[in-house]
Amino acid sequence: MAAPAYPAWVTRWVSGQWRNKKRPPVLRPPRPLALADKVANRREQPTEATCITEMSVMMACWKQNDFNDAPCSEEIRMFYDCVAKAEKERKNQNEDTLSSRGNLPSSKVNKLLRRFPQITRYV
């Protein structure tokens, strides 16, 4: 007796040849694929404290002179100069919106998402 004749697709399916066609998997996302309205606020990078040395020298001078500003004017000026320099560096760093990894900080992303909201309906 002869073997039953099956259609060609059944033979390929049983032998596993269908796997060699490199079909993309069928994906059904649980939610619609759209950006959220905002992202989580994350701290960009831990900033180190600046002008600690100048501040400690100024406070030590105050303590020695019973918190009188007149004898400590040089230390106060050095502290304010340091603060101004650190503020200038921080502003220059903020002008560069991309971080070293090439990512935008969360505050900038939220600002862009508010400026360009998601289109929820089709025109």
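Residues numbered from 1 in each chain as written. Predicted model: local features only at pLDDT ≥ 70, side-chain atom pairs only at ≥ 80, totals over all residues. Heavy atoms only, no water.

Teacher, can you tell me more about the overall build of the protein here?
Scanning the protein for helices and strands turns up four helices and zero strands. Overall, the protein shows an N-to-C arrangement of helices and strands of α-α-α-α. Residue burial in the protein is summarised as follows: out of 123 residues, 11% are buried. Long-range contacts, defined here as pairs at least 24 residues apart, represent 54% of the contacts in the protein between residues at least 6 apart. (Helix = DSSP H or I, 4+ residues; strand = E, 2+ residues; numbered from the N terminus. Buried < 20%, exposed > 50% of the residue type's maximum accessible area, 1.4 Å probe, protein only. Contact = heavy atoms within 4.5 Å.)

How should I be thinking about unusual backbone geometry in this particular structure?
The bulk of non-glycine residues show a negative phi, and the bulk of peptide bonds are trans. Even without being a glycine, Asp66 presents a positive backbone phi close to 55°. Take Asp66: it is sitting in the loop between α2 (52–64) and α3 (73–95). Using a relative accessible area of 67% as the deciding quantity, one classes Asp66 as exposed. With a phi close to 55°, Phe67 is a non-glycine residue in the positive phi region. Relative to the elements of secondary structure, Phe67 occurs in the loop between α2 and α3.

Sorry, what's going on with the state of the cysteines here?
Here a disulfide denotes a covalent bond joining the sulfur atom of one cysteine to the sulfur atom of another. Going through the model one piece at a time under the given rule, you end up with two disulfides. Disulfide pairing places Cys51 opposite Cys82 at an S-S distance of 2.0 Å. Here the S-S torsion is close to -95°, and the disulfide linking Cys51 with Cys82 is therefore left-handed. With Cys51 in the loop between α1 (8–15) and α2 and Cys82 in helix α3, this pair connects stretches of sequence that are 31 residues apart. When its relative accessible area of 7% is taken as the criterion, Cys51 is described as buried. In this model, Cys61 is linked to Cys72 through a disulfide, with the two sulfur atoms separated by 2.0 Å. Linking Cys61 and Cys72, the disulfide has an S-S dihedral of approximately -95° and is accordingly described as left-handed. (Disulfide = S-S within 2.5 Å.)

Whenever I open this one, the nonpolar core confuses me. Can you help?
As a rule of thumb, soluble globular proteins bury nonpolar side chains together. Within the largest apolar cluster, seven residues are counted, these being Cys51, Met58, Cys61, Cys72, Ile76, Phe79 and Cys82. Among the secondary structure elements, those contributing two or more residues to this core are α2 and α3. Top contributing element to this core by residue count: α3, with three residues. (Core = buried A, V, L, I, M, F, W, Y, C linked by side-chain atoms within 4.5 Å.)

Even after reading the chapter, I still don't get the UniProt feature "domain: CHCH" (unreviewed entry) in the protein, so can you show me in this structure?
In the numbering used here, UniProt assigns the "domain: CHCH" (unreviewed entry) feature to residues 51–84. With 74% helix and 0% strand, the stretch residues 51–84 has end C-alpha atoms that lie 10 Å from each other. (UniProt positions renumbered as here; feature names shortened; annotations may be inferred.)

Where do I start with the pattern of salt bridges in this structure?
Two side chains that carry opposite charge are able to pair once their charged atoms sit near each other. Evaluated as defined, the whole model comprises three salt bridges. Here Glu74 and Arg77 are joined by a salt bridge, their closest N and O atoms 2.4 Å apart. One end of the pair is Glu74 and the other is Arg77, both in helix α3 and three residues apart, which spans about a single turn. Its relative accessible area of 40% is what places Glu74 among the partly exposed residues. The closest approach of N and O atoms between Asp81 and Arg77, which form a salt bridge, is 2.8 Å. A residue pair is termed a helical-turn pair when its members lie 3 or 4 positions apart in one helix, as Asp81 and Arg77 do in helix α3 at four residues. (Salt bridge = Lys/Arg side-chain N within 4 Å of Asp/Glu carboxyl O.)

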